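# Descriptive analysis of the structure
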There are 2 protein chains.
Amino acid sequence: MARRSEHSREELQRMALEAAAAIVEREGAAALTARKLATAIGYTVGTLYLVFRNLDDMILQVNAATLDALYREMAAASGRCRKPQRCVEALAGAYIDYAAAHPHRWRLVFDHHLPAEVSMPNEYGERIARIFGLLEEALSALLDGASPAAVHQAASVLWAGVHGICVLSLDDKLAVAGGGTSAHALATSLVNNYLAGLAR
Amino acid sequence: MARRSEHSREELQRMALEAAAAIVEREGAAALTARKLATAIGYTVGTLYLVFRNLDDMILQVNAATLDALYREMAAASGRCRKPQRCVEALAGAYIDYAAAHPHRWRLVFDHHLPAEVSMPNEYGERIARIFGLLEEALSALLDGASPAAVHQAASVLWAGVHGICVLSLDDKLAVAGGGTSAHALATSLVNNYLAGLAR
């Protein structure tokens, strides 16, 4: 049943964003339609256009909330470690755990492509840079004296590597190749051996 | 214009498969519809059901052809190296090059999910195992005396790592985190440092 003017614009935005994130979390991105979201918050589709410019804007806002949640989990995990190498392992572990616990939301961050003519909002890139920064910070402490470019490259390799482990493991593709190794075990092998190689 | 009985079933299958692969190559998987494919080969949609059971079967056959092409590229690349470590690098490079040259076909192999009640055909898993086998073979030669399980784990880590580099690089996501490092440079850093770490 559609309602009118019971909520402020800010309240509507919060309600719509929470409902959108819940639909993606439960049913995946394909289930997120304006109609379904309007029904979930008890307003008309027209009301949604007061808080989202279009479907892409709605997805970007859901993804921004996902990146914030991922950042909190990763910051908490690395905050619990003293040794930099343990931090790197903890960051990888938190990334894998988040992807496994929220596969639909995690996938949407990486599967969503803006139309070519739309540029990504600054705040979005900043959120990714903030997560990446956690890894660079731990690696800077570990790779004593390494240049910022070398730290950046090592962080890119480890992020991409752990990301690939998550992608293949969520899709059960690692099993096709013979299986028998968990995402966490692969990430630990990646982090420990890659860092040992770099430290030569 | 729809035709009748000018081709044998085998000819139809080959024509349809080539046309389907060409549509995916050019326009991406979303463009691959039965109607479009039928038009491309000049037959009716009904004729397609003589050679494909359904859309999933059509996609699986396109993906099988993609995996065969990827295997040929990788086997040729590793066949040109003498030293096992160069082989591993060459395999990673060929994987990245194939993904970059045929992004839509490469993505479809990993993005396509069969309905839960349909099991993957054996030949499909065998094709993936054959590609994975190239990497295990090079690693066995390199990691002298390592157990099959250790070789398998190392191959899984390297495959997933290079796969993650491909995924993020195709989506331009590495640039969001600061950029400045090519997929090939990241893969070389991954392979060399990971293998050096393992060899300790």
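### Side note on the overall build of chain A
Scanning chain A for helices and strands turns up ten helices and zero strands. Reading the helices (α) and strands (β) of chain A from amino to carboxyl end gives α-α-α-α-α-α-α-α-α-α. Considering only C-alpha atoms, chain A reaches an extent of 65 × 40 × 35 Å along its principal axes. Out of the 200 residues belonging to chain A, those deemed buried represent 38%.

### Overview of the relation of the copies chain B and chain A
Structural alignment of chain B on chain A gives an RMSD of 0.0 Å, achieved by rotating through 180 degrees and translating 0.0 Å along the axis. Look at the turn and shift together and you get a two-fold axis relating the two. Mapped onto chain A, 100% of the interface residues of chain B again fall at the interface, so both copies present the same surface.

### Quick word on the domain arrangement of chain A
All names here are of chain A. Parsing chain A into structural domains produces domain 1 (1–52) and domain 2 (56–198). With eight residues of domain 1 at the interface, the matching set in domain 2 holds ten residues. Class assignment of the residues belonging to the side of domain 1 that touches domain 2 gives a composition of six nonpolar, one polar and one charged.

### Observations regarding the nonpolar core
Membership of the largest hydrophobic core comes to 108 residues, with the highest contact counts inside it found for L91 of chain A together with L91 of chain B. With residues up to four places along the chain from it excluded, the contact list for L91 of chain A reads M74, A77, S78, L134, L135 and A138 of chain A.

### Points about the environment of K36 of chain A
All names here are of chain A. Note that K36 resides in helix α2 (residues 34–41). Judged by C-beta crowding, with 14 C-beta atoms within 10 Å, K36 ranks as partly exposed. Between the C-alpha atom of K36 and that of A20, which follows or precedes it by 16 residues, the distance is 9.0 Å.

About the criteria used
Within each chain, residues carry numbers counting from 1 in the order of the written sequence. All chains are assigned letters beginning with A, and all ligands numbers beginning with 1, in the order in which they are written. Restriction of local features to residues with pLDDT of at least 70 applies here, the model being predicted, together with a cutoff of 80 or more for giving and counting side-chain atom pairs; totals for whole chains, interfaces and linings are based on all residues. Each helix is a run of DSSP H or I of at least 4 residues and each strand a run of E of at least 2, with the numbering of both proceeding from the N terminus. Exposure classification rests on a simple neighbour count of other C-beta atoms within 10 Å of a residue's own: a residue reaching 20 or more is buried, one at 12 or fewer is exposed, and one in between is partly exposed. C-beta atoms are placed from the backbone. The copies were overlaid with a least-squares fit restricted to C-alpha atoms from residues scoring a pLDDT of at least 70 in each copy. Residues are treated as contacting if the C-beta atoms built from their backbones sit within 7 Å of each other. An automatic or database domain assignment supplies the residue ranges for each domain. Nonpolar residues are Ala, Val, Leu, Ile, Met, Phe, Trp, Tyr, Cys and Pro. Charged residues are Asp, Glu, Lys and Arg, and all others, Gly as well, are polar. What we call a nonpolar core is a set of buried Ala, Val, Leu, Ile, Met, Phe, Trp, Tyr and Cys residues whose membership is set by joining through C-beta atoms within 7 Å.

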